[in-house]
There are 2 protein chains.
Amino acid sequence: MSSEHNARLSALRAVMAARGLDGFLVPRADEHLGEYVPECAERLAYLTGFTGSAGMAIVLAERAAVFSDGRYTLQLAQQTDGALWERLHIMESKPEAWLVQHAAGRRIGYDPWLVSAEGLARFVGVEMVAVARNLVDEIWADRPAPPLAPAVPHDVAFAGERSAEKRARLGAALREAGQDAAVLSDPASLAWLFNIRGSDVEFCPVALGYALLFADGRAALFMAGVKLPEETRAHLGEAVTLAEPEALAGALAALGGKVVRYDPANQPVWFRNQLERAGAEVSLGADVVALPRALKNAVEQEGARAAHLRDGVAVVRFLAWLAGARGETESSAAAVLLAQRARGERFKGESFPAISGAGEHGAIIHYRVTEESNRAIKPDEVYLIDSGGQYLDGTTDITRTVWTGPGDAPPTVKEHVTRVLAGHIALAQAVFPQGVAGAHLDAFARAALWQAGLDYDHGTGHGVGAYLSVHEGPAGISRAAKLVALQVGMLLSNEPGFYLEGAYGIRMENLVLVQAAEFGAQARKFLRFETVTLVPFDRALIEPGLLSPAALEWLNAYHARVRDALTPLLGDAPEVVEWLNRATARI
Amino acid sequence: MSSEHNARLSALRAVMAARGLDGFLVPRADEHLGEYVPECAERLAYLTGFTGSAGMAIVLAERAAVFSDGRYTLQLAQQTDGALWERLHIMESKPEAWLVQHAAGRRIGYDPWLVSAEGLARFVGVEMVAVARNLVDEIWADRPAPPLAPAVPHDVAFAGERSAEKRARLGAALREAGQDAAVLSDPASLAWLFNIRGSDVEFCPVALGYALLFADGRAALFMAGVKLPEETRAHLGEAVTLAEPEALAGALAALGGKVVRYDPANQPVWFRNQLERAGAEVSLGADVVALPRALKNAVEQEGARAAHLRDGVAVVRFLAWLAGARGETESSAAAVLLAQRARGERFKGESFPAISGAGEHGAIIHYRVTEESNRAIKPDEVYLIDSGGQYLDGTTDITRTVWTGPGDAPPTVKEHVTRVLAGHIALAQAVFPQGVAGAHLDAFARAALWQAGLDYDHGTGHGVGAYLSVHEGPAGISRAAKLVALQVGMLLSNEPGFYLEGAYGIRMENLVLVQAAEFGAQARKFLRFETVTLVPFDRALIEPGLLSPAALEWLNAYHARVRDALTPLLGDAPEVVEWLNRATARI
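The shown structure was predicted, so the numbers you read here are calculated from the model rather than taken from an experiment.

The rules behind the values
Residues numbered from 1 in each chain as written. Chains lettered and ligands numbered in written order. Predicted model: local features only at pLDDT ≥ 70, side-chain atom pairs only at ≥ 80, totals over all residues. Heavy atoms only, no water. Helix = DSSP H or I, 4+ residues; strand = E, 2+ residues; numbered from the N terminus. Rg over C-alpha atoms; globule rule 2.2 N^0.38 Å. Contact = heavy atoms within 4.5 Å. Lys, Arg positive; Asp, Glu negative; His and termini not counted. Charge placed at Lys NZ, Arg CZ, Asp CG, Glu CD. Pairing = 2+ DSSP bridges. Axes fitted to C-alpha atoms, helices over the stretch in contact; angles between N-to-C directions. Least-squares fit on C-alpha atoms with pLDDT ≥ 70 in both. Right-handed = clockwise from strand over helix to strand, strands pointing away. Buried area = accessible area lost by both parts, 1.4 Å probe. Salt bridge = Lys/Arg side-chain N within 4 Å of Asp/Glu carboxyl O. Polar contact = N/O pair within 3.5 Å; in protein donor to acceptor, adjacent residues only side chain to side chain. Core = buried A, V, L, I, M, F, W, Y, C linked by side-chain atoms within 4.5 Å. Buried < 20%, exposed > 50% of the residue type's maximum accessible area, 1.4 Å probe, protein only. Phe/Tyr/Trp six-rings, centres within 6.5 Å; stacked < 30°, edge-to-face > 60°. Expected span 1.5 Å × (residues − 1). Parallel < 35°, antiparallel > 145°, perpendicular 65-115°, else oblique. pLDDT = per-residue confidence, 0-100. Left-handed = near helix turned anticlockwise from the far one by under 90°. Nonpolar A, V, L, I, M, F, W, Y, C, P; charged D, E, K, R; others polar.

Undergrad: Please clarify how the overall build of chain A should be interpreted in this entry.
TA: For chain A, the count of helices and strands is 19 helices and 28 strands. In summary, chain A has a C-alpha radius of gyration of 24 Å against a globular reference of 25 Å for 587 residues, a match within 12%. The C-alpha extent of chain A, read off along each of the three principal axes, is 65 × 55 × 45 Å. The long-range fraction of contacts in chain A, counting pairs at least 24 apart against all pairs at least 6 apart in sequence, stands at 67%. Separation between the mean location of the 55 positive side-chain charges and that of the 70 negative ones in chain A comes to 3 Å.

Structure below.
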């Protein structure tokens, strides 16, 4: 591995020098700035070996660094060569600070398709030079071709609103904001707006493409024609003009004099550059689809509940099996869970690579089992499984942490688990007024850990799509999240954790829907969370004395609800029902 | 009142027209953008009648509006004439939105001394025109003269660090940031940096002036010479050059080519304009004094504890007296409290106008009793008293809410009080890692209210100075506060509340110092709050069943601490000791 990456790094440096550049940025990003990227955009992994979902490399002539966040600290050290790369925590060493420290005033190349306007603006004190072709692509001889999977219509029975209605509604919002058109570069925005789905990337059912939405509700979709079967063209209708992605530059050039909405945080800076060159007025604003997409309508909420019921059945069958299994590994267990999900109706695949971490592997926050890392799940240890499914009616994401037995869990493990669970429950029970953002509630999920001097190095919750991306903006429950007020219909994860490096990891994750809280005649609107995930928490890891009476009551009521909801769906498996009865017995 | 304000408004409109302006801004601000302003800067009150501590008027030819926040909703309606002024809640109707709605593209005058660069930047869609002389001053015939109280040295025995050391330390910070000098326009910054105090404004012991701090630790102080007695000149020393405020423009003009730090959020835009005109490079950054001033050193922390001990004695004497008093009024009660404080050593005056609100007056969040509003404190009602003292060794700010008796408080009142107290205690007990800001903890103080669909329309906590302003930046505990990480030595208020309009107000306020929390060998640093205020909460208003066992334990331990600390200081007053014993008895 190492000599291969050494050769690639040398080749990149040679191309840099030939282009008159002193450095080059290699973010983990594709041309849509999405999280799940096609193989052809895995430039960071190709260059460095690091396969995490977030990170960036900076290559200079004489030194190079690769940055990622706390989720990937261990993985970064394992996958990259310390002789080639400084490995840095992105919160402690900012790439822009590192760059100006080591290359002040120098010419640094970047690919304008792989960085947003805000991302680019962070690099000050150096001369940032846009390249016409990505330098990594120049050295990547066997780079895979872009995916060309078909885009298919997504039934309004699942979407709950027709594309024409969505476009009319958002077009009206553009008119109100004095904007003539909006750029769309997030494939999940296309998927939501046009009610289409695809399979260009793993885990997220989108078709890669771009679009322009106009204030009159019409739109232009830029997507390879071979990806659009006749049925999809008919579904899109005449108000959506179709063109190849190569036509995008020309279409933007025709917007001179128009006011065009561009998202400086989430869209490639290439768009802004093209619009400015065309003489369009760039109006900065969030992706016009992002907030409407996050507010699940009644049909999508019902779909989320239905999907979570089937997902609950699959996970409970898996946990019941696991309780009796011996000699299994992280890989084989994850495969059994996938097989259980695949039995369910409307299942389309996993929503992300399952994190199946036994013992010390659980402490690697975004662990992904590989052939090399796979290990046995042993007796009397902590096992963490974070996984999710894509169903036609909804996306799921759940983490459970279990004790493999047959002995009792040590008291310190139970204390750690129960503090995480106390945080999970505090957030699940939260009631809060309209206007509050997730950043303001994050501390609820941490307070029980903080009281013991403990914490976890990741956010508490992320948005989740409706048969779309399992990580969806604009709202989140994290101090780092943007201050987006929570609103009815948002679907978010509630996933506090705790990680003891080299020993075990704990995470307790359910998905929750934001709902109105009713208090009679109140001047102010209040909100609360409806938990939609339906799987018990492992009683063997809970120390009831550490939970408040109200938290214990929540837990018992939740377990009763899980049992009542799932039992009728487990008629074929009396042994699973028996396990479920034990797992949900009152504490 | 009304015809007087009508005449003033007409006069201002005439001056506006004569200057070719379509409108004029009248913020509640002085030339230092401070909260407590001299009489000569009370332009908003002169023009509109509104005497609240935050607000703004906008006058157009045909309409006018006055804006303030939720603390002042009732007061604004009472003090201003609805026939002359639209009265608007500044969070619901932003002045800048109102202005562009009613005067898009028009010429709007403003005084560059009374608005920050950020404040000015909010006004888009109109032409903002700086005036050389404030238009209100032109019509204000009997405008008071600026105050000229002496500036006196503040003993290092209270300050804990010599001015020369502070200047050297901050000068080094400027050098590190590549800055040659920093603008200082906040009199509290001058007071801290030079270890001087004054009495130019009520409640805040500052001397009005301006300064430039240079990277070599030298400084220039711009303050009327008549305010600087010989002792103060000697204290300032030779490294601080003295000049009249009129010399400021010339001094800024001499900074061409220098990098000068300017705070766009808190300093008059006049400075930025002058620096740009001079050809200086304006480097945006917070007032260089603001953060160091907030981090109380060991001497200041000890001073805060000592001042709160004396303040606790005064407030407890007052509360014991109040319990037996009959026929008192809001005014007479506040006067008794002030007299008790004045008995204490090192007392210099109130830190803000006491809020003495009986019954429905308590619901006016920043109520100030006047001759007209003063009313009797009646039996069997809720009485709220929010007050504070300026002592040479510290500034105090405390609110207590009491039941006047002799009957029992109604259950709903006790429920409201106890939910507020539960929030107060949750914050007092909080433990949190370094990096957390007050905005992230604000929800702890509200959760118990939120669970019942209740809330309060003000922040939970503000910074407090060391014998300086009772409202001090940069940290606060509020969703609206800037994300300034809490650090050891910050002194903040903890003051959740609840207000039932027309009935009563509840607020529970102590001051807390941020301290390190010790957990043995932890990777991360944790922080906690040390409560320094020492006065019991009224047991007659507490419903113990609504507090968690941990909260009740905190309350009992706090009451025991109050009793143990104050009893030795009440040897002259056995009846007060008796009251204190009853007030702090275990619940």
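Further notes follow.
Undergrad: What's the story with the sheet that holds strand β2 (residues 56-60) of chain A in this structure? I'm lost.
TA: Strand pairing within a sheet occurs via backbone hydrogen bonds; the two strands may be parallel or antiparallel. All names here are of chain A. Strand order in the open sheet formed by 6 strands is β4-β3-β2-β1-β5-β6, with mixed pairing between adjacent strands. Two strands in the sheet have a free side with no partner beyond their single neighbour: β4 (86-89) and β6 (127-130). Sheet twist, expressed as the mean angle between neighbouring strand axes with direction ignored, is 25°. In the sheet, strand β3 (residues 64-68) pairs with β4 via 4 bridges, with the strands oriented parallel. Along β4, the bridge assignment pairs Val 66 with Arg 87.

Undergrad: Help me understand the relation of the copies chain A and chain B in this model?
TA: The pair of chain copies shares a relation made of a rotation about an axis and a shift along it. After a rotation of 180° and a shift along the axis of 0.0 Å, chain A superposes on chain B with an RMSD of 0.0 Å. One copy is carried onto the other by what is essentially a two-fold rotation axis. Rotation axis and chain A: the residue whose C-alpha lies nearest the axis is His 440 of chain A, separated from it by 2.5 Å. A shared binding surface is used by both copies, with 100% of the interface residues of chain A retained as interface residues in chain B.

Undergrad: When you look at the pairing of strand β12 (residues 240-243) of chain B in this model, what are you seeing that I'm missing?
TA: The side chains of a regular strand alternate, residue by residue, between the two faces of the sheet. Residues and elements named next belong to chain B. Bridging between strand β11 (residues 219-222) and β12 involves 4 bridges; their strand directions are parallel. Across the sheet, Phe 222 pairs through a bridge with Ala 243, a residue of β12. The parallel pair β11 and β12 is bridged by helix α10 (residues 230-236), and the resulting crossover is right-handed.

Undergrad: I keep staring at the sheet that holds strand β17 (residues 382-387) of chain B and nothing clicks. Help me out?
TA: Residues and elements named next belong to chain B. Strand order across the open sheet formed by 3 strands is β16-β17-β20, with antiparallel pairing between neighbours. Strands with a single pairing partner mark the edges of an open sheet, and in this sheet they are β16 (355-358) and β20 (398-403). Each strand axis lies, on average, 10° off the axis of its neighbour in the sheet, ignoring direction. As judged from the 4 bridges shared by β16 and β17, these two strands associate in the antiparallel manner. Bridging across to β17, Ser 356 finds its partner in Ile 385.

Undergrad: What am I meant to see in the interface of chain A and chain B here?
TA: How big an interface is tends to be reported as the loss of accessible area on association of its parts. Listed by partner, the interface residues are 24 residues for chain A and 24 residues for chain B. The junction of chain A with chain B conceals about 2100 Å² of combined surface from both sides, 61% of it contributed by carbon and sulfur atoms. Counting the surface chain A buries against chain B, the share from its top three residues, His 440, Trp 450 and Arg 479 of chain A, is 28%. Where chain A touches chain B, the interface holds 0 salt bridges. Inspection of the region where chain A meets chain B yields 2 residue pairs in polar contact (both at pLDDT 80 or more).

Undergrad: How should the nonpolar core be read in this particular structure?
TA: Across soluble globular proteins, nonpolar side chains have a tendency to be buried as a group. Of all hydrophobic cores here, the largest spans 160 residues; its most connected members are Phe 529 of chain A together with Phe 529 of chain B. For Phe 529 of chain B, the residues in contact, after removing those within four places along its chain, are Leu 427, Ala 428, Ala 430, Phe 432, Leu 441, Ile 477, Leu 486, Leu 492, Val 512, Leu 513 and Val 514 of chain B.

Undergrad: I tried to follow the packing of aromatic side chains on my own but got confused; where do I start?
TA: Between two aromatic rings, the relevant description is the distance of the centres plus the angle of the planes. Residue and element names in this part refer to chain A. Evaluated as defined, the whole model comprises 31 aromatic pairs over all chains. A ring pair is formed by Phe 50 and Tyr 72, whose centres lie 5.6 Å apart and whose planes are at 80°; its orientation type is edge-to-face. Here Phe 50 is found in the loop between α2 (43-48) and β2, whereas its partner Tyr 72 is found in the loop between β3 and α3 (73-79), with 22 residues between them in sequence. In this structure, Phe 50 and Tyr 72 share a single accessibility class: buried.

Undergrad: I'm lost on the environment of Asp 263 of chain B in this one. Help?
TA: All names here are of chain B. With respect to the helices and strands, Asp 263 occurs in the loop between β13 (259-262) and α12 (269-278). Separated by 170 residues in sequence, Asp 263 and Ser 93 have C-alpha atoms that sit 26 Å apart. Dropping the residues within four chain positions of it, Asp 263 is found in contact with Gly 285, Ala 286 and Asp 287. For Asp 263, the side chain forms a polar contact with the side chain of Asn 266, separated by 3.0 Å.

Undergrad: Any chance you could explain helix α16 (residues 411-428) of chain A here in plain terms?
TA: Since the α-helix turns once every 3.6 residues, residues separated by three or four places project in the same direction. With 18 residues, α16 of chain A extends 25 Å from end C-alpha to end C-alpha; this agrees with the ideal 26 Å at 1.5 Å per step. When you tally the buried positions in α16 of chain A, you get 13 out of 18 residues, the bulk of the element.

Undergrad: I keep staring at the packing of helix α8 (residues 163-176) of chain A against helix α9 (residues 187-194) of chain A and nothing clicks. Help me out?
TA: The relative placement of two packed helices comes down to the angle between their axes together with the axis-to-axis distance. Residue and element names in this part refer to chain A. For the pair α8 and α9, interaxial distance at closest approach is 7 Å and the crossing angle is 110°. As judged from the angle between their axes, α8 and α9 are roughly perpendicular. From α8, Ser 163, Lys 166, Arg 167, Arg 169 and Leu 170 reach across to α9, where they touch Trp 192, Leu 193 and Phe 194.

Undergrad: Looking at this model, I keep getting lost on the confidence of the model for chain A. Mind explaining?
TA: Any segment with low pLDDT has predicted coordinates that should not be analysed in fine detail. In the predicted model, chain A carries a mean pLDDT of 96, and the fraction of residues at 70 or more is 99%. Of the two predicted TM-score estimates for the complex, the pTM is 0.92 and the ipTM is 0.90.

Undergrad: What am I meant to see in the packing of helix α14 (residues 298-324) of chain A against helix α15 (residues 330-342) of chain A here?
TA: Residue and element names in this part refer to chain A. Their axes nearest at 8 Å, the elements α14 and α15 cross at an angle of 145°. Of the two elements, α14 crosses α15, and the hand of that crossing is right-handed. For the pair α14 and α15, contact is made by Asp 311, Ala 314, Val 315, Arg 317, Phe 318 and Trp 321 and by Ala 333, Val 336, Leu 337, Gln 340 and Arg 341, respectively. Split by residue class, the contact of α14 with α15 holds 7 nonpolar, 1 polar and 3 charged.

Undergrad: So what exactly am I meant to see when it comes to the pattern of salt bridges here?
TA: Close approach of charged atoms allows side chains with opposite charge to pair. Residues and elements named next belong to chain A. Enumeration over the complete set of coordinates arrives at 63 salt bridges over all chains. The partner of Asp 386 in a salt bridge is Arg 507, with the nearest N and O atoms 2.7 Å apart. Taken together, the residues span a long stretch of sequence, with Asp 386 in strand β17 (residues 382-387) and Arg 507 in strand β26 (residues 504-507) at a distance of 121 residues. Summarising the burial analysis for this pair, Asp 386 and Arg 507 share the class buried. If you follow the salt bridges from partner to partner, you end up with Glu 31, Arg 43, Asp 137 and Arg 143 in one network.

Undergrad: I tried to follow the environment of Ser 331 of chain B on my own but got confused; where do I start?
TA: Residue and element names in this part refer to chain B. Here Ser 331 is to be found in helix α15 (residues 330-342). Residue Ser 331 is classed as partly exposed on the basis of its relative accessible area of 29%. Taking the C-alpha atoms as reference, Ser 331 lies 9.6 Å from Ile 355; in sequence the two are 24 residues apart. The contacts of Ser 331, once residues within four sequence positions are left out, are Val 369 and Asn 374.

Undergrad: Honestly, the pairing of strand β28 (residues 526-531) of chain B in this entry has me stumped. Any pointers?
TA: Residues and elements named next belong to chain B. Across the 6 residues of β28, 5 count as buried, placing the element largely inside the fold. Relative to β28, strand β21 (residues 431-433) runs antiparallel, the two being bridged by 3 bridges. Opposite Val 431, over in β28, you have Arg 528 as the bridge partner. As paired elements, strand β27 (residues 510-517) and β28 share 6 bridges and run antiparallel to each other. Counted as the bridge partner of Ala 517 is Phe 526 from β28.

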